[in-house]
Each structure stands twice: as C-alpha cells, then as structure tokens.
Amino acid sequence: MMKDSQDIETATTAVGTFRSSAQPDNKTRRYDRQLRLWAASGQNALESARVLVVSASATSTSILKNLVLPGIGHFTILDSEIVSQEDAGNNFFLEGPDSVGKSRAHEAVRLLRELNESVEGIADTSDLADRLTDSSYLASFSLIIAHNLSANLLDALSKLLWSDPSLPPLIIVHSAGFLAEFFIQIHEHTIIDSHTDAAPSLRIDKPFPALLNHAQSLDFDAMDDTDHGHIPYVLILVRALNSWKATHDGQTPKSYAERVEFKKAIIGMKKKADEENFDEAVAQAYRAWTETKVPSDIEALFSDTVLDTLDPVSPPFFHLLAALKTFASQPPYILPLTSTLPDMKADTNSYVHLQKLYKARAEEEKAQFTAILKQSGVLLDPVMVDEFVRNAHGLKIVRGRRWDILGENSETFGKLLLSKETRKETATHLALRALSRLLVKNPNTQEPTKEQLVAYIQNILPDHVELPEEVGVMVGEVARTPTADLPNTAAFLGGLVAQEAIKVITKQYVPVKGVCVVDLIGSWTGILEA
Amino acid sequence: MNENEQTRFIDWPGRYYHIDQVLNKPGPRTDENFNAGDAVKDFLRNQCKILVIGAGGLGCEILADLALTGFKDIHVIDMDTIDISNLNRQFLFRQKDVGKSKAIVAAEFVMKRVPGVKVTPYFGKIQDKDESYYMQFHIIICGLDSVEARRWINATLVNMVDEENPESLKPLIDGGTEGFRGQARVILPTVTSCYECSLDLLSKPTAFPICTIANTPRLPEHCIEWASVLEWPHTQGDKKMDTDDPEHIGWLYDTALARAKEFEIEGVTWSLTQGVVKNIIPAIASTNAIIAASCCNEAFKIATSSSSYLDNYFMYIGTDGVYSYTFKHEQREDCPVCGGRSVLFEVDKEWTVNDLIDALLERPDIQVKKPSLAAIRKDGSTVNMYLQGPKSLEEATRPNLEKKVSDFVGDGEGIIVTATSLPLSLDLVIKYI
C-alpha cells in the first residue's frame, strides 16, 4: 500500500517537471498521446482523482479500463458478488472459468491493475446498502459511477449524493442488450479550459495603442517589393480600418456595399497583383467589422448568482469570474487580450515583432486583471490566473440536475415523446426505465413481458398521450434482452462514460448535459433534456 | 478429443448467457433472414472467419470485443512493434512487451484471456498478401492510422468482387480516431460508398511551403521542418532519418532550437519536434473503445443478421458533450475505385503533361501520389504518356512530361490514370478550356 502511494508521488513529480528542453522521461513518453490533449494540468487532475465504481459488470470494467490506462489515481470496485459462469463469459477483466467462484471485485481489480502499475485499485466486497449509511465513505471519492443498479438502491444513492453539494458527482449507467443510457448527476461544474473552437479577438477594430502606432508608423509606399509583400495582414487591416474610420464618422464598414468597398480599398493598397498578404487581409476582412466585445455566453456568466454571494471560501473560479466582470465593466468593455497570434504571410522580423506587441499587451492586461483580483483580497496561484485569462473567451459553468428529474413530470415525458426531434430518445429512455422498475418489482421473473413494459409506460404518461410506434420497438428490444450486458455495448459505454468522467475530473472539455441515450441497432446516440 | 468436444469443453454452461439473449430470438428490427438459435450460433462460433487489420489502438479493442462476442477464428495483421507511447491505450501490451510484434503479442494475450478463441497473427504488411488470402474471410475490420493502407485494402476488396460469386463480396468495416473524435463505417464493396468515395472528407494535412521554411520562419514548426527537411539531408548526407531514434530526434530538436533562437521564435520543444516530424495524432483509450465497439457491433450484426446494421457512416465528436451523426454516405459514380463513370477533367490548352500531373496531385477527391498516364484515343488505340516504372519505360516516357497534353489527346478523348501504390485506375475525359 505504502509503496504504491510512493510510486504515484514520484510519478506525479515527474509530470510536474515535464521537461520541454530535453528528452522526456518514461512516464511522459507513456502518456505522450494524451498529454497532447489535456497537458500536464489535466494529467495531474487525473492522478489526484479517486473513483468508486459500483459493480464489476462487463460495462463497469470497460469503463474502468479507460480510466486506469490514462492513469487515474485510485479506483475502488464495490461489489459483493461471486463470479458466476455468466459473468466469466462476457467480461474481459475476469479469467474465464478460472475466475468462477471467486470474488468479482477482487478478480476485476487484480486484472485491471495490470494495465497500469501507477494506479491504485481496491476491491470492496461490502453491500452498497451498508455503505449508503456512511456518507464519509462516499465523500472520500471524487466521482462515483454505477452500472445497472437496482432502481431502489439507485434512488437512495442518487438522493443521498444530491443532498449535499460537497458529495461527489454520480454517473448513472443503464444498459440492456443494444440499448443504453447514462446521466451525470452533478451540482456545479466550472470549466476554464473548454478547448473551445471560438477564436479570441485580434482587436483589429479596437487596436491597443502599440498596435495602432506600429501600423500607422510603417511607410508602406517606401518599402521594397519583398517587404511590402510580407506586411502581416493584421497591420494591413488595422491601417485600412483606421483610414476608413477617418472618412466614415469613426464607424466600421456596416452594409454589404461598404464591406465590398473596404475590401476593394485593401486590394488598392497592393503594389503587385500577386501579393498574398493582401489577399489574406481581404479574406480576414471580417475581423475589421466584427466588433470586439464580451461574447454573449461569457456575458451571461456575469449574472451568475454565485457572484452575488461571493465570500472567501467560494471556489477560485468565481473569484476569477468576478474579477473578469469588473475588468470588462471598464472601457473598452472587453475581455483581456490573448497573446496567441495565428500564422500569417509575413517575414520573420515583422511577425516576431508583432507577436511581441501582442504579448506585451497581454501581460499588461493580465497585470490589470491581477490588480483587480488583489483589490478584492483574493490570492490565487499565478498559474491558474494565467490559465483563466488565456481562456477567458471559453469559460463555462455547467449546472446539473438531479437524477430522475425527468421522471417526476409526466407532462414533460409526454411532450418529449410527441416531439419528432426527441421521440426515439424518449422511447428508448422509457423502455429502459420501465425495465429497471419492473426488474425490481419482480426480481424472480427475470423477463418482464412486452405487455407489462408497455402498461408501465402508459401508466407514467399523461392519459392523452398515444404511444408512438417507437415505444413498441424499443420495448421489444429490452424485452428480448432484459439482462444482457453485451460485450460491444459494454465497450461502447466504457468509452463514452470514461470520456465524460475524464472531462469531469480534468475540468477540461465540456461534459454532456441531459440523458445520453444509445441505440446500437440504429447505431446512433442522442441527448434527452427536460 | 475431437474439435467438437473441445468446443463443448470450452463453452462452459452460461458462457454465452448475455449474447444468446440476442441470438435465441428475433427483435423488432431483425432481418427476416435471421436464423435464430443453433444455426446462427454455429456459424458465429465455428465457421465465421474474420480479419482484423491493425493491432494498435483500435486493433487491441477490436480483438477483445470480437473474442468476447463469440468469434472464434480471428486473424490479425500488423507490421508494427510495440512502443512505450502505445501503453496509454493499447491494453493488451505491457512494459515488458516493448519492441515485440503487436500482432503476435495481441494474439497471444487474447487467446490466454478468452479460452477457445484462435487468433492467428501475421507480423507484416497487408500488401504482402494477395486476393486468395483475403478471399478466405467473411468480414474484414480495419483499425488503421494510415490513409494509404486503407485505400489499398479498400481498392483490393472492391476489385475482388465477382458478380458471379456472392462470396467474393467481403464487408469491410473501417474505424478511425483522432483525439476525442472518430468514425466507424460499413462498406459493402461496389454496393455502398467505399473508402475512396469519401476521400474529400479527410482534412488536408498541414504542409508548410518550402520558401517559408527556408526564408521566413515564424512558428516553431517552421524551424523543426527546416531541421528535418533541409538541414538533415544537407548535413547528414545519405543517412536515413529514423524518427523513432531518440538521438535523431535530439539532433532535430537541437538544430530547430538553434534556428529558433536565431530568429527569436519561441516554442520549440522536444515534444513538438517529435509531434511534427512523426506527424503524431493524439490518441486516447476511451475514443478507441467507442469506435472499436461500433465496428465490432456492426461485424456482429452482419455475421449473425440478428439486427439491422449501420448504413453506413457513424461519426462521433466528444469535445463538447456527446455529439454523433449517423448518415448514409453516397457512392460516387465517378469514384476511381468503385464508380463506373469517368471523371470530366478540365485542362488548359497550353498545359504540359507535367502540368496535368500537378493538377491531379492537387485534387482532394483523387489524391494520387505518383500517377502514370496513358492516352486513349477515340479509335481505341492507347499511347503511354508517362509511366512511373519500370525504369526503362520511365526513361522512355520522361521527355513527354514537357510535351503538351493536346499532343496526345483531343477534346473528349480519355486518359487512364494508374498509381503504383494503389490498385486503382481512373478514367479521365479531357475537356479543353
């Protein structure tokens, strides 16, 4: 035990000293392909995470496999069952007949641990019902995942975890045959690095003084052909826009005709017809009339209620957000500059010079931001502040909902079922829901009939709702395979659920909202939101 | 013990409890040809022969999934050996396996873990095998990272289709991933859209112009390309660069770093150097699991007819929530591999044969690297315009590169384009503009 934790610590230090200037160590080499996605910060978060998985089913071990491989810190499998002959046939983390009769949790933990020596794994053979009385046990994990938990235990677990926001998030996974669904029950999830596709503004329309001065100071006409053909498009646009504004009451090109004229003016600045940098400026001309302002989804975060009740123990994210709100409430009412300059046709000197201007300005604005933060009396890790400022245009707050909130309103179900866009998703969800409830009611009859399932569904829907054909199809599927944990479905869910767990743990990328529904006969996935 | 007894011994009671729920009876979306019960189980477990191409990120997952679903005669081809950077996702390999054949280690692991499954590895290239080899399989699944290899197997399987012999049509299931994205597709050669039909869906690889690399570097990538493309051949002569050799990467890194310092460019790192020269694509276990499971699930449904299968493209993006898109990619009538129709190709009257070759290289829907050209005249006669090989013919036709296209074909006449690396031939109909 001791030795394992030491290994983890040494290993973590290795990523901490992730050397960019020399050949990487073994650990960095092992994780190279994922570090290129979530970097050392994401990796450190994974290695600090403790995940509890309830049951060692084929689906559960498939999920865990995809968390152990990338190097999660710790996992516990909670499962009191003994490996049956049925289990041994569909679970890659059991050794066929050799595992039959042994503890399912112990066998799965042993085989999963072989995948990655730096991961700690524990088998817990207690009953979940007993563990439910011990919320400090549950609180020791950062994430809990439950597959095909019986409906009454799931109700108890999900209610308990929801009752206290400091308790870990829960991922609920259901599957039968080719159909499946999962849901992330999470109170609040803040994301600094969402890896958004949105590009930050280059401030063409609101150039900072050094950028404007530089653009205006260049003597385009005096340049030789080579230099003229390598003026970065950013400078061409700033200058062209400045001239335009001078003759248009300080306005940017607004109408289509004006925009065409603006582009013509840029082409008119060419010395030779084949100057690619001016062609780039034309292609990027939209940047001149796209107003640099706080994006609406970031603006929306400024009215988040947490900001009204901010206190020293509030999570750092909200202190940073409050500082950002103050920053953006001052002229020129924009987000701090990001120093990333895209590549463009330019010679080395003019590009590097421009890059330095952006960098210097970004540092200045970051200093302003830090000063605001300081004024409010908050001290935060400069690395975090830097990351926040760099990603200010992609911030996200996810406010989740309680499991089964859908099920409490039959009208909502009715509406979702009747809408063409959500019909098959709702039908699949209802079929799986009916199955899990009926399996509890009659634990001895493993196979609820189609009629029983349909009757259950009809019963939870408003009277006026006529069941569409899709319900019959999905009910037919679950009635055919009520207790089948198919290896391919397990592997598919194993990938999807682990992917979402990684997003929740690293706080990078954006986890799914609503119920994610999977149909592996139609080969589609869909989202169901109330 | 005869083979049947052996199978009975291995198939312990309850082994297929989960799978058999699907195989014992039809569901609402089951094909009418479904032969529920013993017949379908016998085919799946005792007769069906399946080939997996690639034993890497997708391949490891595919082998495990197939074995668990009951395929018992699995073959796998891979020419690679195991590297430490594979271990974050290729879960059949351990540290001690580094340097060994992926196909062999993967096959041994699956046979040990799933009793009674026979996995036959081949440590080599898919091009080593001919049609008679591919003909023995019922289904072929590809988990490859190379576009060229996919094009080769796709074209080979399309060419194998013989209308007289239904057995010659081999379903090809192809998976691919990149970071949080991936796709799985089912190709029925000549019947559905093939891999070549969708070449234009591929994103263009980033290429840096030589003049930027040589004269106006701006990004760290430009410095790295300078080191590998220009400085290596310049200073190392004929020595072949091995991007798996840390010393070579080290040299490239030092060289790129020195250039970056000279130009005040920031950001050259070891990791970036390796990423650029090896064209590294980020890869994680979870995405591979999703795509491999899709592929195997389609293989299972096709092999058993137990449910309808994918027609024909599944795309997944996991960066922002769970997004997927299932659609039917249409067959291209002018596909150089499976389409019957020729491509109308516009040619400038002044173009030389060399210009035509350059134009062909530019086309995203064609993408031939080293095309050979032969003119087909209206009277049916053919003339070699330019041949990449053999050497004597290359030399004989080389002077033609400078001649005008119009010296060989008139308006409305044809040119056949063939490629040395791919079993395809493309018919162009020339239109002068």
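Residues numbered from 1 in each chain as written. Chains lettered and ligands numbered in written order. Predicted model: local features only at pLDDT ≥ 70, side-chain atom pairs only at ≥ 80, totals over all residues.

1. Looking at the pairing of strand E1 (residues 50-54) of chain A
Residue and element names in this part refer to chain A.
Next, step 1: Counting buried residues along E1, four of its five residues qualify, which places the element largely inside the surrounding structure.
Next, step 2: Examined bridge by bridge, E1 and strand E2 (residues 74-78) share five bridges and lie parallel to one another. Among the inter-strand pairings, Val-51 is bridged to a residue of E2, identified as Phe-75. (Buried ≥ 20, exposed ≤ 12 C-beta atoms within 10 Å, placed from the backbone. Helix = DSSP H or I, 4+ residues; strand = E, 2+ residues; numbered from the N terminus. Pairing = 2+ DSSP bridges.)

2. Concerning the domain arrangement of chain B
Next, step 1: Splitting chain B by domain gives domain 1 (3-203 + 283-327), domain 2 (210-278) and domain 3 (343-432).
Next, step 2: Taking only C-alpha atoms into account, the centre of domain 2 of chain B sits 36 Å from that of domain 3 of chain B. (Domains from an automatic or database assignment.)

3. Looking at the sheet that holds strand E5 (residues 172-178) of chain B
Residues and elements named next belong to chain B.
Next, step 1: Taking strand neighbours across the sheet as the criterion, the eight strands line up as E3-E2-E1-E4-E5-E6-E7-E8 in an open arrangement whose pairing is mixed. The sheet is open, and its two edges are formed by strand E3 (118-123) and strand E8 (323-327), each paired on a single side. Shown here is a sheet whose adjacent strand axes are inclined to one another by a mean of 15 degrees, direction ignored.
Next, step 2: In this sheet, strand E7 (residues 313-317) lies alongside strand E6 (residues 181-187) in antiparallel orientation, the contact comprising five bridges. Paired with Gly-182 across the strands is Tyr-316, a residue of E7.
Next, step 3: Helix H5 (residues 102-113) rests against strand E2 (73-78) and E3 of the sheet, and its axis sits at about 170 degrees to E3. (Axes fitted to C-alpha atoms, helices over the stretch in contact; angles between N-to-C directions. Contact = placed C-beta atoms within 7 Å.)

4. Considerations on the pairing of strand E6 (residues 179-185) of chain A
Residues and elements named next belong to chain A.
Next, step 1: Where burial is concerned, most of E6 is hidden: seven out of the seven residues are buried.
Next, step 2: Neither face of E6 is left uncovered, since the one carrying Leu-179, Glu-181, Phe-183 and Gln-185 and the one carrying Ala-180, Phe-182 and Ile-184 both have all their residues buried.
Next, step 3: Here strand E5 (residues 170-176) runs beside E6; their pairing, made up of seven bridges, is antiparallel. Within E6, the position partnered with Ile-171 by the bridge is Ile-184.
Next, step 4: Counted along the chain from E5 to the antiparallel partner E6, the turn is two residues long, and its residue Gly-177 has a positive phi close to 60 degrees.
Next, step 5: Looking at chain direction, E6 and strand E9 (residues 515-519) are connected through four bridges and run antiparallel. If you follow Phe-182 over to E9, its bridge partner there is Cys-516.

5. Examining unusual backbone geometry
Next, step 1: Of note, the bond from Pro331(A) into Pro332(A) is cis; its omega dihedral lies within 30 degrees of zero at 5 degrees.
Next, step 2: Checked against the element boundaries, Pro332(A) lands in the loop between helix H17 (316-328) and helix H18 (348-375).
Next, step 3: Positive phi values are uncommon outside glycine, yet Ser55(A) reaches one of about 90 degrees.
Next, step 4: By secondary structure assignment, the location of Ser55(A) is in the loop between E1 and helix H4 (58-68).
Next, step 5: By C-beta crowding, Ser55(A) is classed as buried, having 24 other C-beta atoms within 10 Å.
Next, step 6: The backbone phi angle of Asn279(B) is positive, close to 50 degrees, even though this residue is not glycine.
Next, step 7: By secondary structure assignment, the location of Asn279(B) is in the loop between helix H11 (270-278) and helix H12 (285-304).
Next, step 8: Its 11 C-beta neighbours within 10 Å are what place Asn279(B) among the exposed residues.

6. Observations concerning the packing of helix H4 (residues 57-69) of chain B against H12(B)
Angle between the axes and distance between the axes are the two parameters that describe a pair of packed helices.
All names here are of chain B.
Next, step 1: It is at 9 Å that the axes of H4 and H12 come closest, and there the two elements cross at 40 degrees. Of the possible angle classes, the one that applies to H4 and H12 is oblique. Like other packed secondary-structure pairs, H4 and H12 cross with a definite hand, here right-handed. For the pair H4 and H12, contact is made by Gly-57, Leu-58, Glu-61, Ile-62, Asp-65, Leu-66 and Thr-69 and by Asn-288, Ala-289, Ile-291, Ala-292, Ala-293, Cys-295, Cys-296, Ala-299 and Phe-300, respectively. (Parallel < 35°, antiparallel > 145°, perpendicular 65-115°, else oblique. Left-handed = near helix turned anticlockwise from the far one by under 90°.)

7. Some thoughts on the environment of Phe302(A)
All names here are of chain A.
Next, step 1: Examined against the element boundaries, Phe-302 turns out to sit in the loop between helix H16 (296-301) and H17.
Next, step 2: Looking at Phe-302, the number of C-beta atoms within 10 Å reads 15, which means it is partly exposed.
Next, step 3: Between the alpha carbons of Phe-302 and Ala-322 there is a distance of 7.4 Å; along the sequence they are 20 residues apart.

8. Some thoughts on the confidence of the model for chain B
Residues and elements named next belong to chain B.
Next, step 1: Here chain B averages 92 in pLDDT, and 98% of its residues register 70 or above.
Next, step 2: Scored below 50 in pLDDT, residues 1-5 shows one contact in the model against residues more than four places distant or in partner chains.
Next, step 3: Taken together, the chains of this predicted complex give a pTM of 0.93 and an interface ipTM of 0.93. (pLDDT = per-residue confidence, 0-100.)

9. Let's talk about the sheet that holds E9(A)
Residue and element names in this part refer to chain A.
Next, step 1: With respect to topology, eight strands assemble into an open sheet ordered E3-E2-E1-E4-E5-E6-E9-E10, the strand pairing being mixed. Across the chains shown, the open sheet's two edge strands, defined by having one partner strand only, are strand E3 (120-124) and strand E10 (524-528). Between one strand and the next, the sheet's axes are offset by a mean angle of 15 degrees, whatever the strand orientation.

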